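Here is what each chain is made of, one letter per residue.
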Amino acid sequence: MTMCKTLLSMFLIYMSAMVNAQVQVDVFHWGEITTDVRLPGATIRLFNLNKPNEINQHLPRFAGAPVQAEKAAGYWIQSDEGKAFTEALRTAYDGHMLARKYKLQKAPAIVFDSGKYVVYGSTDIRHALLLYRQASK
């Protein structure tokens, strides 16, 4: 009887974990996504691959003789504004690094569970999730 209770308990814990399992969804896109991206049972991360270009548009111009411009740039990089810019640019490339890790061939792409399944050419997360769940059966 104890063995049966133990097996039943293990089965219930396993089933509970399966029901509560979240699917990880990484969306790689160019520009903004305007659709609602909250889905029950899914953790969604958005990566705008154009973000580095958008951030670089805010890089200040340093005028003057080359030595003066270089000095001004050095001071700016050490400032709070320069440090925030550098961190934002570094973070903006996270999507590129992850896309490279997943060996994505193009974007837009929606990646499920760390590269187990990829839907190319769309940012429709609901439809991609449906395709993923059908393929996982």
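Keep in mind it's a predicted model, so treat the numbers as computed, not measured.

Visitor: Before we move on, could you go through the overall build of the chain and cite the residues and values that matter?
Guide: Across its full length, the chain holds six helices and four strands. Order of helices (α) and strands (β) in the chain, N terminus to C terminus: α-β-β-α-α-α-α-β-β-α. Sequence-distant contacts, at least 24 apart, represent 43% of the contacts inside the chain between residues at least 6 apart. Taken as a whole, the chain presents about 10000 Å² of accessible surface, with 59% of it coming from carbon and sulfur.

Visitor: Describe the confidence of the model for the chain, naming the residues involved and giving the relevant values.
Guide: Mean pLDDT over the chain stands at 84; residues scoring 70 or higher make up 82%. Across residues 3–20 the pLDDT falls below 50, and counting only partners more than four positions away or on other chains, this stretch makes zero contacts in the model.

Visitor: I'd like a description of the sheet that holds strand 2 (residues 42–48), backed by residues and values.
Guide: Backbone hydrogen bonds hold the strands of a sheet together, and the pairing may be parallel or antiparallel. The strand order across the open sheet built from four strands is 2-1-3-4, with neighbouring strands paired in mixed fashion. Each of the sheet's edge strands pairs with one partner strand only, and the pair in question is strand 2 and strand 4 (117–120). Across the sheet, the mean angle from the axis of one strand to that of its neighbour is 15 degrees, orientation sign disregarded. As paired strands, strand 1 (residues 23–29) and strand 3 (residues 109–112) are joined by four bridges and run antiparallel to one another.

Visitor: An account of the nonpolar core is needed here, citing residue identities and associated values.
Guide: Taken as a class, soluble globular proteins show a tendency for nonpolar side chains to be buried jointly. Counting 13 residues, the largest nonpolar core has Val23, Val25, Val27, Ile110, Phe112, Ile125 and Leu129 as the members making the most contacts within it. Sorting the residues of this core by element identifies strand 1, strand 3 and helix 6 (125–135) as the ones contributing at least two each. Apart from residues lying up to four places away in sequence, valine 25 is in contact with Ala42, Thr43, Ile44, Arg45, Ile110, Val111, Phe112 and Ile125. Counting residues in each nonpolar core, the second largest holds nine residues, with Phe28, Phe47, Ala109 and Val111 among its members.

Visitor: So what about helix 5 (residues 94–102)? Which residues, and what values?
Guide: Residues of helix 5 that are buried include every one of Gly95, Leu98, Ala99 and Tyr102, and no others. Projected down its long axis, helix 5 carries its buried residues within an arc of 105 degrees, all on one side. In this structure, helix 5 carries Met97, Arg100 and Lys101 as exposed residues pointing more than 90 degrees from its buried face. A positive phi of about 60 degrees marks lysine 103, the residue just after helix 5.

The rules behind each value
Residues numbered from 1 in each chain as written. Predicted model: local features only at pLDDT ≥ 70, side-chain atom pairs only at ≥ 80, totals over all residues. Heavy atoms only, no water. Helix = DSSP H or I, 4+ residues; strand = E, 2+ residues; numbered from the N terminus. Contact = heavy atoms within 4.5 Å. Areas by Shrake-Rupley, 256 points an atom, 1.4 Å probe, with all protein chains shown as cover. pLDDT = per-residue confidence, 0-100. Pairing = 2+ DSSP bridges. Axes fitted to C-alpha atoms, helices over the stretch in contact; angles between N-to-C directions. Core = buried A, V, L, I, M, F, W, Y, C linked by side-chain atoms within 4.5 Å. Buried < 20%, exposed > 50% of the residue type's maximum accessible area, 1.4 Å probe, protein only. Arc of directions from axis to C-beta.

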